Amino acid sequence: MDHRQLGRTGLRVSTLGFGCGNVGGLLVRGTPAERERAVARGIELGINYFDTASIYGDGLSEQHLGQALRALRADVSVGTKVRLAPSDLAAIPAAIVRSTEDSLRRLGMERVDLMQFHNPIAVDRRGTWVSSKDVLQTILPTLAQLVEQGKARFFGLTALGDTPALLDVIADGRIHTAQVCLNLLNPTAAVDVPAKFPAQDFSRLLTRCRERGIGTIIIRVAAGGALSGVETRHPIASPPPEPIASGADYATDVRRAQRLQPLVDEGHAESLVEASLRFAVGSEGVSTVLLGYSSLDQLEYAAKCVAKGPLPAATLARLRELWAGLTSA
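Residues numbered from 1 in each chain as written. Predicted model: local features only at pLDDT ≥ 70, side-chain atom pairs only at ≥ 80, totals over all residues. Heavy atoms only, no water.

**Quick word on unusual backbone geometry**
Excluding glycine, a negative phi dihedral is what most residues carry, and trans is how most peptide bonds are arranged. Heads up, the condition is: Note on conventions: DSSP H or I runs of at least 4 residues are helices, E runs of at least 2 residues are strands, and numbering of each starts at the N terminus. The cut-offs for exposure are 20% and 50% of the maximum accessible area for each residue type, with area from a 1.4 Å probe on protein chains only; residues under the lower value are buried, those over the upper are exposed, and the others partly exposed.
For Lys196, which is not glycine, the phi torsion reads 65 degrees and is therefore positive. With respect to the helices, strands and loops of the structure, Lys196 is situated in the loop between strand S10 (177-181) and helix H7 (205-211). You can call Lys196 exposed: its relative accessible area is 76%. The residue Ser203 is not glycine, and still its phi comes out positive at about 55 degrees. Topologically, Ser203 is positioned in the loop between S10 and H7. A relative accessible area of 24% means that Ser203 is categorised as partly exposed.

Structure, rendered in structure tokens:
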């Protein structure tokens with residue numbers, strides 16, 4: 001397993017990370033033995049970054065990850081997240097501090113390596129979406145205070161929401177990390193795409209992060225499972241998740257994934273999941289790629305895929321042809 005710099009933090013993180021979310025579900029709904037074995041095997045494979053959040057399983061993911069790491073006496077980097085409810089927006093700093101302290105209690109830790117803000121970011125507030133002004137004037141100073149208080153080593157955010165608002169926050173440069181959506185159904189954080197491409201345009205967000213020394217953590221690399229090309233789900237996984245920055249629904253994402261199947265049929269990759277992992281690994285500025293797991297076999301497969309390295313130039317050229325076909329999907 002290769003390891004890369006996480007921006008300007010000084011941390012070196014494994015190219016493949018361990019996502020502890022609800023979509024894969026292993027750290028939420030797996031048995032204690034399954035959870036501990038998966039975490040142990042991840043560490044054996046060289047994974048040293050584990051990513052969770054207060055909302056994953058209503059706190060169960062944090063609790064279960066903490067239990068497994070204590071049992072294994074593991075020395076790894078852990079990131080978690082705070083997500084504000086609408087009722088929290090009247091007193092944002094207090095809500096962030098309260099959520100952080102609850103997360104630390106569930107994890108059984110005095111400090112996490114990375115605390116991340118998890119609400120989508122808009123130009124103006126709407127629903128649970130905060131404004132870029134909220135982020136710059138209130139949220140980032142509060143996260144910085146958590147670092148000063150020793151509750152986190154570094155801070156970042158999930159770079160989802162309105163692209164102009166995200167670009168403003170990235171340009172500010174204070175955050176240490178950004179979680180960036182990147183996969184074969186939406187590669188816009190890394191590359192330019194044809195006109196009328198059916199996905200949100202993230203305007204090469206990875207390049208902008210790299211220019212400011214912001215470490216990047218890739219999320220949704222398998223499009224929530226849609227890049228399996230089938231709608232069936234693993235028994236321990238969540239129901240089909242809402243797409244992020246791609247199709248209108250999960251079924252639409254699956255159909256678009258199927259239109260990329262020539263990549264596999266022509267021998268460029270063993271599967272679309274492999275292709276998406278390797279595309280992300282090879283994208284300039286990527287620090288680590290998260291995948292959520294439902295089983296130990298999925299973890300083993302992801303590590304095998306990442307070990308193959310970035311996609312070759314011929315495969316990338318074929319991808320560009322297939323992406324052009326998605327403009328009519």
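Once the structure has been displayed, the description carries forward.
**Overview of helix H12 (residues 313-326)**
Note the cut-off: Multiply 1.5 Å by the residue count of a helix minus one, and that product is the helix's expected span. Within this analysis, the arc is defined by the directions that extend from the helix axis to the C-beta atoms. In this analysis, two residues are considered to be in contact whenever any of their non-hydrogen atoms come within 4.5 Å of each other.
Given a rise of 1.5 Å per residue, 14 residues ought to cover 20 Å, and the 20 Å separating the end C-alpha atoms of H12 matches this to within 8%. Listed in full, the buried residues belonging to H12 are Thr315, Leu319, Leu322, Trp323 and Leu326. The buried side chains of H12 occupy one side of the element, clustering within an arc of 105 degrees when seen end-on. Structural note: H12 exposes Ala313, Ala314, Arg320 and Glu321 on the side pointing more than 90 degrees away from its buried face. Where the residues of H12 are buried, they touch helix H8 (250-258), helix H9 (262-265) and helix H10 (272-281).

**Describing the pairing of strand S5 (residues 77-82)**
Using the following cut-off: Following DSSP output, two strands are said to pair if at least two bridges run between them. Orient the strands so they point away from the viewer, and a crossover whose first-strand-to-second-strand path over the helix runs clockwise is right-handed.
In terms of residue burial, S5 counts as a mostly covered element, since six of its six residues are buried. Of the two faces of S5, the one lined by Ser77, Gly79 and Lys81 and the one lined by Val78, Thr80 and Val82 are each fully buried. Sheet topology places strand S4 (residues 49-51) next to S5; three bridges connect them, and they run parallel. Looking across to S5, one finds that Asp51 is bridged to Gly79. Taken together, S4, helix H3 (residues 60-72) and S5 constitute a β-α-β crossover, and its handedness is right-handed. By the bridge criterion, four bridges tie S5 to strand S6 (residues 112-117) in an arrangement that is parallel.

**A short note on the packing of H10 against helix H11 (residues 296-307)**
For any two helices packed against each other, one specifies the crossing angle of their axes together with the interaxial distance. Rules: A fitted line through C-alpha atoms represents every axis, and for helices the fit uses only the stretch in contact; the resulting angles, taken between N-to-C directions, go from 0 to 180 degrees. An angle below 35 degrees is read as roughly parallel, one above 145 as roughly antiparallel, one from 65 to 115 as roughly perpendicular, and any other as oblique. Crossing handedness is read from the near helix: turned anticlockwise from the far helix by less than a right angle, it gives a left-handed crossing, and turned clockwise, a right-handed one. Each residue receives one of three labels: charged for Asp, Glu, Lys and Arg, nonpolar for Ala, Val, Leu, Ile, Met, Phe, Trp, Tyr, Cys and Pro, and polar for the others, Gly being one of them.
Running from N to C, H10 and H11 cross one another at 50 degrees; their axes reach a closest spacing of 9 Å. In terms of their interaxial angle, H10 and H11 are classed as oblique. As H10 runs across H11, the sense of the crossing is right-handed. Where H10 approaches H11, its residues Glu274, Leu277, Arg278 and Val281 are matched on the opposing element by Tyr301, Ala302, Cys305 and Val306. Here the residues of the contact of H10 with H11 are counted per class, giving six nonpolar, no polar and two charged.

By themselves, these figures tell us nothing about what the structure is for.
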